[in-house]
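Residues per chain are reported as follows:
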Amino acid sequence: QSPSVLDAVCTEDADCPMGNPVVRGNGIKTGKCVMFNTTHSTCEIYGWCPVENNTLPRKPLLAEAENFTLFIKNTIHFTKFNFSKCNTLQTNDPTYFKSCTYDPFFNPSCPVFRVRDMVEAAGETFGDLALLGGSIGVRIKWDCDLDHPAAQCQPQYSFSLQDRRYNFRTASYYWDSQRQLCRNLLKLYGIRFDISVHGQAGKFSIIPAAVSFGTGIAFFGAATVVCDLVLLYLDAKADFYWKEKFEEVRMGPLWRDEV
C-alpha cells in the first residue's frame, strides 16, 4: 500500500493486523509490514494490482459532447379533471424533432436540449464541468389554468447545479492465459442530469365557489359575535361600549282603573 495512506504506514508486523481493511486504502492487510522504499514501510495488502491511480484528467476526453442533445419527453395527467398533456408538439412531420432545439420563445414545444445550453443555464461552463464531471438538476413545472384552452398549458424548464464533481467506477473481469483472474477498472467522469416533474392545475366550479362564499359569510357572522364578547366583557372600556350598544328603558308602576 502507498505510504500516502496513513493507515498503511507501519514499523513492524503488529501494526498490520491480518484481515483489517486499510482505511482509505485499496485492500485487506495480510499481517506483514514490508519495505515500500528506502524511507518508508507499509502494510502488505490483499488487493488488485496495481492499485488505483488517483491522477486527475487534464482536459475533457470528449469535448464535442457539448453539442450532444438530450430529448426529454414528459406527460402529465391531472386525474381530478381527466386532463393529460405532453410536452412535445403534436406534429406529423417525422423530421421535426431531428432538426429542432428547445427555445423558450421560438420552440417551447421542442424538448430537445443541447448539453452546453443546459450547463450554461445552470450557471456553469461546459469545459469546467466536463473535466471532473458534475450533476445538473432539470425541473419541469406545469402550472395550468384549465379554464383556458389546452394549448396554453405549457411546462416551464429550469436548470440548477447540484454538484461540481461526479464520477463512478466500473470494472470488467476475465481470466488471462495463465488462468489468473484479472480486471479492468475504469473511473468515468461525466455530467448527470436529474429530472424532476412538478405540476398543479385548477378549474372553476360553481359548487366549491358556493361553499367558499358561504363559509366566508359564516366567518364574518362569527367574527361579529366574538368582537362583541371581547368589547363587552374583556375591554377596559366595556362599560362605555355597553351603554352605547344597549339602551336601558325604565317603566313606572302599572295603574288599573276599577269600575
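Residues numbered from 1 in each chain as written. Predicted model: local features only at pLDDT ≥ 70, side-chain atom pairs only at ≥ 80, totals over all residues. Heavy atoms only, no water.

Next up on the list: the pattern of salt bridges. Applying the stated criterion across every chain, the model contains 4 salt bridges. When the shortest N-O distance is used, the salt bridge between Glu-124 and Arg-164 registers 2.4 Å. Residue Glu-124 is found in the loop between helix H2 (115–121) and helix H3 (126–132), and its partner Arg-164 is found in the loop between strand S8 (155–163) and strand S9 (167–175); the two are separated by 40 residues along the sequence. Note on Arg-164: relative accessible area 51%, which makes it exposed. (Salt bridge = Lys/Arg side-chain N within 4 Å of Asp/Glu carboxyl O. Helix = DSSP H or I, 4+ residues; strand = E, 2+ residues; numbered from the N terminus. Buried < 20%, exposed > 50% of the residue type's maximum accessible area, 1.4 Å probe, protein only.)

Strand order across the open sheet formed by 3 strands is S8-S7-S11, with mixed pairing between neighbours. Only two strands of the sheet have a single neighbouring strand rather than two, namely S8 and strand S11 (191–202). Across this sheet, the average inter-strand angle for adjacent strands is 20 degrees, counted without regard to direction. Pairing of strand S7 (residues 134–145) with S11 involves 12 bridges; the strand directions are parallel. (Pairing = 2+ DSSP bridges. Axes fitted to C-alpha atoms, helices over the stretch in contact; angles between N-to-C directions.)

A few words on the environment of Trp-48. Along the chain, Trp-48 falls in the loop between strand S2 (41–46) and strand S3 (69–71). By relative accessible area, which is 30% here, Trp-48 ends up partly exposed. C-alpha separation for the pair Trp-48 and Gly-27, spaced 21 residues apart in sequence, amounts to 7.7 Å. If near-sequence neighbours (up to four positions away) are discounted, Trp-48 is found in contact with Tyr-173, Leu-181, Cys-182 and Arg-183. (Contact = heavy atoms within 4.5 Å.)

Before going further, it helps to spend a moment on the side chain of Ser-41. One can find Ser-41 in strand S2. Excluding residues within four positions of it along the chain, Ser-41 makes contact with Ala-8, Val-9, Cys-10, Cys-33, Val-34, Met-35 and Phe-36.

Applying the stated criterion across every chain, the model contains 4 disulfides. The side chain of Cys-100 participates in a disulfide bridge whose partner is Cys-110; the two sulfur atoms lie 1.9 Å from each other. Residues Cys-100 and Cys-110 are joined through a disulfide that is right-handed, its torsion about the S-S bond being 75 degrees. Placement of the pair is Cys-100 in the loop between helix H1 (96–99) and strand S6 (112–114) and Cys-110 in the loop between H1 and S6, with a sequence separation of 10 residues. In this model, Cys-144 is linked to Cys-153 through a disulfide, with the two sulfur atoms separated by 1.8 Å. (Disulfide = S-S within 2.5 Å.)

Let us now look at the packing of aromatic side chains. Given two aromatic rings, one states the distance between the centres and the angle between the planes to describe the pair. Applying the stated criterion across every chain, the model contains 9 aromatic pairs. Centre to centre, the rings of Trp-48 and Tyr-173 are 5.7 Å apart; their planes meet at 50 degrees, and the pair counts as tilted. Of this pair, Trp-48 sits in the loop between S2 and S3 while Tyr-173 sits in strand S9, and the two are 125 residues apart along the sequence. For Tyr-173, a relative accessible area of 51% puts it in the exposed group. (Phe/Tyr/Trp six-rings, centres within 6.5 Å; stacked < 30°, edge-to-face > 60°.)

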